[in-house]
Amino acid sequence: MANKIGTYLKALSAKDNSIPFYVALPSSSIDWNMENGINEIPIEQRDPDEITYIQGMIAGKIENVMITGEKFPVRNFGFDVTPAKFVSGLITERGICKAKKSSIFSLFPEKFKNSVK
């Protein structure tokens, strides 16, 4: 499951505390031909300035203010990929299923015949 940064950490925390972790998604967001999101999804790299600067007031004017040192390398990922083993289930418009291929296809059998087996 690919989602905004922080989803993976929430799923890890839920697993560590024995709390079920569900993902709500429309079926239109499922890539029916993908086998392994961790290996196949290119992770967007966003502009590092989005996290190295904030806007602040300097001498009565709003300015961009650096909050990190200039020598610190920064990577700004657009989203992360959460492995299925940390997801208790998926909530879709057709119901709830486990985060497993067979369970997903049981809700969407018409997709099975056109997907990667």
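Now for a look at the structure at hand. Since this is a predicted model, take the numbers as computed values, not measurements.

1. Description of the pattern of salt bridges
Note on pairing: side chains with opposite charge can pair once their charged atoms come close.
Move 1: Within the structure shown, the criterion is met by four salt bridges.
Move 2: Between Lys101 and Glu35 there is a salt bridge; the shortest N-O distance is 2.7 Å. Of this pair, Lys101 sits in helix α4 (residues 101-107) while Glu35 sits in the loop between β2 (22-24) and α2 (37-40), and the two are 66 residues apart along the sequence.
Move 3: Classification of Lys101 as partly exposed rests on a relative accessible area of 36%.
Move 4: As a salt-bridge pair, Arg94 and Glu110 come within 2.9 Å of each other at their nearest N and O atoms. Pair noted here: Arg94 is in the loop between β8 (89-92) and β9 (95-97) and Glu110 is in helix α5 (residues 109-112), with a separation of 16 residues, a long-range link.
Move 5: Taking the relative accessible area as the measure of exposure, Arg94 reaches 44% and is therefore partly exposed.

2. A short note on the packing of aromatic side chains
Move 1: The full count for this structure, using the stated rule, is three aromatic pairs.
Move 2: Aromatic pair Trp32 and Phe105: ring centres 5.7 Å apart, planes at 35 degrees, arrangement tilted. With a gap of 73 residues between them, Trp32 in the loop between β2 and α2 and Phe105 in helix α4 connect regions that are remote in the sequence.
Move 3: The class for Trp32 is buried, based on a relative accessible area of 16%.
Move 4: Between the aromatic rings of Trp32 and Phe108, the centroid separation amounts to 5.3 Å while the plane-to-plane angle is 55 degrees, which identifies the pairing as tilted.

3. Overview of helix α1 (residues 7-16)
Move 1: Taken together, the buried positions of α1 are occupied by Thr7, Ala11 and Ala14. Projection of α1 onto a plane perpendicular to its axis shows the buried side chains occupying an angular sector of 65 degrees, all on one side. Every exposed residue of α1 that faces more than 90 degrees away from the buried side is listed here: Leu9 and Asp16.
Move 2: Two residues or fewer after α1 comes Ser18, characterised by a positive phi angle close to 55 degrees.

Parameters at a glance
Residues numbered from 1 in each chain as written. Predicted model: local features only at pLDDT ≥ 70, side-chain atom pairs only at ≥ 80, totals over all residues. Heavy atoms only, no water. Salt bridge = Lys/Arg side-chain N within 4 Å of Asp/Glu carboxyl O. Helix = DSSP H or I, 4+ residues; strand = E, 2+ residues; numbered from the N terminus. Buried < 20%, exposed > 50% of the residue type's maximum accessible area, 1.4 Å probe, protein only. Phe/Tyr/Trp six-rings, centres within 6.5 Å; stacked < 30°, edge-to-face > 60°. Arc of directions from axis to C-beta.

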